Amino acid sequence: MAAPVNIIVDSHVWVEDPVDAWVDGEVSRINGEEVHVRTTNGKTVVANISKVFPKDTEAPPGGVDDMTKLSYLHEPGVLSNLATRYELNEIYTYTGNILIAVNPFQRLPHLYDTHMMEQYKGAAFGELSPHVFAVADVAYREMIKEGKSNSILVSGESGAGKTETTKMLMRYLAYLGGRSGVEGRTVEQQVLESNPVLEAFGNAKTVRNNNSSRFGKFVEIQFDKNGRISGAAVRTYLLERSRVCQISDPERNYHCFYLLCAAPPEDKEKYKLGNPKDFHYLNQSNCYELDGVNDAHEYLATRRAMDIVGISEEEQEAIFRVVAAILHLGNVNFAKGEEVDSSEIKDENSRFHLNMTAELLKCDVKSLEDALIKRVMVTPEEVITRTLDPVAALSSRDALAKTVYSRLFDWLVDKINNSIGQDPNSKSLIGVLDIYGFESFKFNSFEQFCINFTNEKLQQHFNQHVFKMEQEEYTKEEINWSYIEFVDNQDVLDLIEKKPGGIIALLDEACMFPKSTHETFAQKLYQTFKNNKRFIKPKLSRTSFTISHYAGEVIYLADQFLDKNKDYVVAEHQGLLTASKCPFVVGLFPPLPEETSKSSKFSSIGSRFKSQLQSLMETLSSTEPHYIRCVKPNNVLKPAIFENFNIIQQLRCGGVLEAIRISCAGYPTRRTFYEFLHRFGVLAPEVLDGNYDDKTACQMILDKRGLKGYQIGKTKVFLRAGQMAELDARRAEVLGNAARTIQWQIRAHMARKEFIELRRAAIQLQSYLRGIYARKLYEELRQEAAAIKIQKNFRRYIGRTSYLSLLSSAITLQTGLRAMTARNEYRFRKQTKAAVLIQAHLRGLIAFSYYKSLQRAAIVTQCGWRQRIARRELRMLKMAARETGALKEAKDKLEKRVEELTWRLQLEKRMRTDLEEERAQEIAKLQESLHTMRTQVEEANAAVVKEREAARKAIEEAPPVIKETPVLVQDTEKINSLTAEVESLKALLSSEKQAAEEARKASSDAESRNTELTKKLEDAEKKVDQLQDSVQRLEEKLSNSESENQVLRQQALTMSPTGKARPKTVIIQRTPENGNVLNGETKDMTLAISNAREPESEEKPQKSLNEKQQENQDLLIKCISQDLGFSGGRPVAACVIYKCLLHWRSFEVERTSIFDRIIQTIASAIEVPDNNDLLAYWLSNTSTLLLLLQHTLKASGAASLTPQRRRTASASLFGRMSQGLRASPQSAGLSFLNGRGLGRLDDLRQVEAKYPALLFKQQLTAFLEKIYGMIRDNLKKEISPLLGLCIQAPRTSRGSLVKGRSQANAVAQQALIAHWQSIVKNLNNYLKIMRANYMPPFLVRKVFTQIFSFINVQLFNSLLLRRECCSFSNGEYVKAGLAELEQWCYQATEEYAGTAWDELKHIRQAVGFLVIHQKPKKTLNEITKELCPVLSIQQLYRISTMYWDDKYGTHSVSSDVISSMRVLMTEDSNNTVSSSFLLDDDSSIPFTVDDISKSMQQVDITDIDPPPLIRENSGFGFLLPRTE
């Protein structure tokens, strides 16, 4: 990471800072090798130019997901990128194929849910955002494709999240190749369940972590040939054995010791344990408890974990007995014995602990004591027994404790592996290594030396892998890389492990000499490695030494190296424990070979550590490695805290910076041709103007700048260290010149603009002054005109006044003269009128007198004439009176008529009395009698009139007779009396007529009121019937549901054990709707039922009928197996099936096979899942048939629940008629056979459904849902590949960088729209197929609604997971594609598209957010309420942080909005279980049978023509349409 040489004034750089490690600033001055930097925190820093690094000012605001894409690959650039991403909760970052995971110290469940696993499954590495799942997926894919085992190395210091990362790896591998393990537990669960046990016996508190793993764990996930998990194994390496006997403050020993000391009282009493302070192996440190941890609870949890992994109660008892024995053994002390160099048990306390140790290990106390203080030496001549001094005895005690604990830990691991189950036939595996990281404390001892030795080994493996990846990259790009230097740490490994002469070899040698001390060991190291550049001798210490590791220098204290390294394999210890009476202890120490069991043999922990490490490296070398580096961002273990110094140290310890050094040794900067031309095309515009390919254009730009040592591959430009900075400096110079030109133009423009503004102001001022002058002149002219006008008006007023006075005088004079003339004329006319009036009166008087005299003369004349005429008439009357015979005859006729009239009057009176008694019943007779009587009276009147006329004529014709006869007077009186009686009868008749008329009116009024009341009563009856019907339908629905459930629950009981089992179906409760119940019966079925009840003697007719029925069923199945098509938009097959089943009464029988055969026919027809036309055909048929069944079937017994509530209409005539019709099965059957019983759905009759019919309906429902899902999934499969092409816009060619942008964009737009048009074409094809098969529009809408939801989910999730998709130009492209879908929805109409367009709301709002301008000015409220109300805070946060403008270079939302989003996300994470920002695709069935029943139109099945195959068959005559 050499510093660049192209640092100039005003360059943006990184400079070291004592607080923040690195801080950015701007170069203000350069003095030779000194650079003055003005930092962003306001300080001015002076630094050497070699320690100043350039800063990429064009880096994305959200950082890069792969740090090999950084323009400047150096330490501050890496640190800044990690800090930027960590602030955005992007905890994963790539460095090539190495994953860096920064512990967030908070729950991020959305990163690890199943939907996220689905996204990474099969995705290319680097295609999606960095994730631990991506590493696991690439390991799994390589294992499947190449058949080679893979390993994933998870490293990091304590608290960095290694264990959690390992859990996530195993979860994802179990998701890819999962298989249920023992007792329903997956292999992943079993491995994770073993963690509490291993942590209790292998973890301890260290300086930096309360739960640090003091061993390496390599989990092998084993796979079979099909890629399924077949087993697993846990391999442990490098257990820190020395910790059992020696610990330093403030650390602790292994957790199990403290857990056992906090066990329940009965356990502690059994093992004679107490306070941890009483035991030597625990009281070397003052730390006995952990904050927030209850050891008593952890003890019980550990016991439960042991139960889970299969450790029996007896084995647990033995395990903790061994642990307690180790504690007691540590309290056994020794004193000098009586002999020289001998020892003995120090005191009674030591004797007590010795006895307890022997009791717990179930061995002989004396044998235990001898094994601790005596040694047997075998020589060729004899066997010599010698005693040990107290120091050697203590070493022997500690060696026994370490050996026992190590064997116990190994036994636990073997037990766990046996519990999980291994696959001996597995050919491939994926190993996950979880091991402690590099450690460098204030005081470092033998444990840190071993750990760092392990990490040096792993770092060498890591360096080789990184270098190999570099080589593969160079080879892939076909560039020359032979001269690249490889950074290796073999010299450090030689310093530690080389034989002879390495530190471990010298340590073993010192341990074998009794007189060696840590000082002599240190001096030996100083002498041996005085010329080694990796070994440093401190100036102020005689027992410490420094090793220069890859991660930095570490000072080790050699004071306890010898004691911690000693690990004798003592034969006496082996023999002692082999002879134990405890089978568990004996199992820990199997018998040794003969040659090794006779004497003690020296063994060191360092050598054992080295051999185990070598075994681990061999295992890793046999696999393809993948690396995950876990980083702890802070030491307080809290979120949102990023400690730069801490991170830098971990990056060094994790080898990340070493990998960067390897990259810098070659070509640290790599850019694709497009990116290179996009960034540095301004250095040579003429190249972009020319017609060159990208590679040639890059070559010409580099040659023009005169760079040397670069390489151009097949797709990328590889630059040496410093060349990127040089190009950026040249680019900054060109951009600076361009900026100055722009500034010059802008300044000229601003000056001209200022001049124009000044000139405009002067013109405006002149205009204003001229306006004032003009207004003043105008005012003067106006005043002059006003004065002239006033004078004119005044003169006119004076003239008019004089004229008016003269006019008034003339008028007054004329008025007087005219009045005098008028009075004279009036007086003359008045006199003339009076004279005329007098003359008129006089003339009238004369005329009146003459008239009176003439009148009197006329009257006298008339009287005389009349007297003469009267005398003549008197003579004539007297002559007529003599004719008496004629008068008598007339009198007799009149008397006879009067008697008849009298009789009729009496009869009328009797009739009137009868009418009064029976008026209501005899209204019609009364009217008829009245009419007859009226006619007779009229005839009588007419006869009387005629007689009178005849009499009058006779009198007139008779000669005048002077003689008077008295008879005539009597007859005249009779006539008068009869006439009077007739008149009275007429009056009586008229009164009777009036009474009859009143009675008729009252009767008509009563009839009208009766009619109104009858109508009201009928309306009330109808309403009551409707209410009763509604109540009964609801009750029957409930009863149907209960009966149907009861029948289906008793499926196993109702089926015959000897009968054929029905195919298994998922029974879903459905509620059929009720219709009108018509108990129509056909003649054939009546015969069939009656025959079924006859005795067995009549079996043959029944058999023939069954055979006929079987033939009809076979013919029906054969018929519906063909494509019967549609009739008037109605599926023929469904209608034929329904008619046949209803006619055969198949719904009402307890056992039939027709339903199974129909279901099997449908199942066989849809076996080809890709034939969408056939699927749509059967979906239309099944939906129609299910609709008919829904309106027909009801569960048995439903109608009899509430008989008393069924209101009948028998009280009325119409009620009795309808009741009679209902009770007539023959008439109902005839109407049914004539085709009148089947009409619309409202006319369908309901039947009592038995179990087979209900099961058939459930199976039909299941097939409907299955066919619907197949059509939907087929469409998803067809458009899914196209969606991957639609989400990311094609890149613009380099020609558009300078000119021709619109043409290039048009070509790119056309290429993208082609994919969207392909999607629209698929949608049109499916819509055409579904419409051709008359699928219900309701189902079509559901299909497209779910398809658009799928498009929304896929596009939206891809947008959130791929940063390159969250760009401005990509938003424009996707928006154009969505417009195509909107146009399709408009063309498809709402009948078929429905609300499909609304399902795209997430992607529409996300794309709308990408393409809006001035995002930094938008507030959070505007974004969440107006722009994107549907998107969650997590989704908006993700889009805002990933957004980048590749078109105009604008920024995303402001930092305040980002901070507000982060606060809301934190609150949401505390309140909700999951905060996933991804959408889930809903693949459920979005409707029920009731929904179909309500949404589908009524089906009229009366006029469906039967298919030709069954049309001529007599058994299907009922299918033929009947005319009314």
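Residues numbered from 1 in each chain as written. Predicted model: local features only at pLDDT ≥ 70, side-chain atom pairs only at ≥ 80, totals over all residues. Heavy atoms only, no water.

(A) Molecular detail of the overall build of the protein chain. From N to C terminus, the protein chain includes 48 helices and 28 strands. Looking at the 1524 residues of the protein chain, the share that counts as buried comes to 45%. Total accessible area computed for the protein chain in this model is approximately 79,800 Å², and 53% of it derives from carbon and sulfur atoms. (Helix = DSSP H or I, 4+ residues; strand = E, 2+ residues; numbered from the N terminus. Buried < 20%, exposed > 50% of the residue type's maximum accessible area, 1.4 Å probe, protein only. Areas by Shrake-Rupley, 256 points an atom, 1.4 Å probe, with all protein chains shown as cover.)

(B) Representation of a nonpolar patch on the surface in the model. Taken together, the side chains of Leu765, Tyr768, Leu769 and Ile772 present a nonpolar region at the surface, about 410 Å² in accessible area. Among the structural elements, leucine 769 can be located in helix α27 (residues 723-880). (Patch = residues over 30% accessible without salt bridge, like charges linked within 9 Å, V, L, I, M, F, W, Y side chains within 5 Å. Salt bridge = Lys/Arg side-chain N within 4 Å of Asp/Glu carboxyl O.)

(C) Expanded view of the sheet that holds strand β23 (residues 711-712). Strand order across the open sheet formed by three strands is β22-β24-β23, with antiparallel pairing between neighbours. Pairing within the sheet leaves two strands with one partner each, and these edge strands are β22 (669-672) and β23. Across two bridges, the pairing between β23 and strand β24 (residues 716-719) is antiparallel. In the strand pairing of β24, isoleucine 712 is matched with valine 717. (Pairing = 2+ DSSP bridges.)

(D) The pattern of salt bridges, seen in detail. By the definition in use, this model includes 34 salt bridges. Measuring nitrogen to oxygen at the nearest pair gives 3.2 Å for the salt bridge that ties glutamate 240 to arginine 243. Glutamate 240 sits in the buried class, given a relative accessible area of 7%. As a salt-bridge pair, arginine 897 and glutamate 900 come within 3.0 Å of each other at their nearest N and O atoms. Linking arginine 897 with glutamate 900, this pair stays in helix α28 (residues 884-917), spanning three residues, or about one helical turn. In this structure arginine 897 comes out as partly exposed when scored by relative accessible area, which is 33%. Sharing partners across several salt bridges, the network here consists of Arg214, Glu240, Arg243, Glu251 and Glu439.

(E) Seen up close, a positive patch on the surface. A contiguous patch of positive charge on the surface is contributed by Lys789, Lys792, Arg796 and Arg800. Tracing the sequence through the fold places lysine 792 in helix α27. (Lys, Arg positive; Asp, Glu negative; His and termini not counted. Charge placed at Lys NZ, Arg CZ, Asp CG, Glu CD.)

(F) Looking closely at unusual backbone geometry. With omega at 10°, the peptide bond leading from aspartate 249 into proline 250 counts as cis. Here proline 250 is to be found in the loop between β12 (229-237) and α7 (255-261). One non-glycine residue, aspartate 10, lies in positive phi territory at about 75°. Considering the arrangement of structural elements, one finds aspartate 10 in the segment before β1 (12-17).

(G) Quick peek at the environment of methionine 1442. Structurally, methionine 1442 can be placed in helix α45 (residues 1433-1442). Each C-alpha atom of the pair methionine 1442 and valine 64 lies 9.7 Å from the other, and the pair is 1378 residues apart in sequence. Setting aside residues no more than four positions away along its own chain, methionine 1442 makes contact with Ser129, Leu1359, Leu1360, Leu1361, Arg1362, Arg1363 and Cys1366. (Contact = heavy atoms within 4.5 Å.)

(H) Inspection of the sheet that holds strand β19 (residues 544-549) at higher detail. Ordered by their spatial adjacency, three strands build an open sheet running β18-β19-β20, and the pairing between neighbours is antiparallel. With partners counted over all chains shown, the strands left at the sheet margins are β18 (535-536) and β20 (552-557), one partner each. With two bridges connecting them, β18 and β19 associate as antiparallel partners. Counterpart to phenylalanine 535 in the pairing with β19 is isoleucine 547. Packed onto the sheet, helix α14 (residues 446-477) meets β19 and β20 and runs at close to 150° relative to β20. (Axes fitted to C-alpha atoms, helices over the stretch in contact; angles between N-to-C directions.)

(I) Focus on the environment of arginine 303. Within the secondary structure layout, arginine 303 lies in helix α9 (residues 295-308). For arginine 303, a relative accessible area of 12% puts it in the buried group. Considering only alpha carbons, one finds arginine 303 and valine 197, 106 residues apart in sequence, at a separation of 8.4 Å. Side chain to side chain, arginine 303 and glutamine 316 meet in a polar contact 2.6 Å long. (Polar contact = N/O pair within 3.5 Å; in protein donor to acceptor, adjacent residues only side chain to side chain.)

(J) How the structure looks around the packing of aromatic side chains. Inspection of the entire model under this criterion finds 37 aromatic pairs. Between the aromatic rings of tyrosine 86 and phenylalanine 642, the centroid separation amounts to 5.6 Å while the plane-to-plane angle is 40°, which identifies the pairing as tilted. Here the residue tyrosine 86 occupies a position in helix α1 (residues 75-87), and phenylalanine 642 occupies one in the loop between β21 (624-631) and α22 (644-653), the gap between them amounting to 556 residues. You can call tyrosine 86 buried: its relative accessible area is 6%. With centroids separated by 6.1 Å and ring planes inclined at 85°, the aromatic side chains of tyrosine 112 and phenylalanine 133 adopt a geometry described as edge-to-face. Of this pair, tyrosine 112 sits in the loop between β7 (98-102) and α2 (114-120) while phenylalanine 133 is found in helix α3 (residues 132-146), placing the two residues 21 residues apart along the sequence. (Phe/Tyr/Trp six-rings, centres within 6.5 Å; stacked < 30°, edge-to-face > 60°.)

(K) Region of interest: the nonpolar core. By size, the foremost hydrophobic cluster in this structure holds 263 residues, and its most contacted members are Phe201, Phe257, Ile628, Ile1319, Leu1381 and Trp1384. Apart from the residues within four sequence positions on either side, phenylalanine 201 is in contact with Tyr254, Cys256, Met306, Ile319, Phe320, Val323, Tyr405, Leu408, Phe409 and Leu412. Formed by 51 residues, the second largest nonpolar core is a distinct cluster that contains Tyr237, Tyr550, Val554 and Leu620. (Core = buried A, V, L, I, M, F, W, Y, C linked by side-chain atoms within 4.5 Å.)

(L) Representation of the packing of helix α6 (residues 195-202) against α9 in the model. Where α6 contacts α9, the two axes come as close as 8 Å, and the packing angle between them is 130°. Taken together, the axis directions place α6 and α9 in an arrangement best described as oblique. Here α6 runs over α9; the crossing is left-handed. Residue-level inspection shows Pro196, Val197, Ala200 and Phe201 of α6 in contact with α9, the latter providing Thr302, Ala305 and Met306. (Parallel < 35°, antiparallel > 145°, perpendicular 65-115°, else oblique. Left-handed = near helix turned anticlockwise from the far one by under 90°.)

(M) A look at the pairing of β21. The buried count for β21 comes to eight of eight residues, which makes it a mostly enclosed element. What you see with β21 is no split at all: Glu624, His626, Ile628 and Cys630 on one side and Pro625, Tyr627, Arg629 and Val631 on the other are buried throughout. Bridge count for β7 against β21 is four bridges, and the pairing is parallel. Note on β21: the bridge partner recorded for isoleucine 100 is arginine 629. Here strand β8 (residues 150-155) pairs with β21 via six bridges, running parallel. Looking at the pairing, serine 155 lines up with arginine 629 of β21.

It is worth stressing that arrangement in space is one thing and function is another; only the former is reported here.
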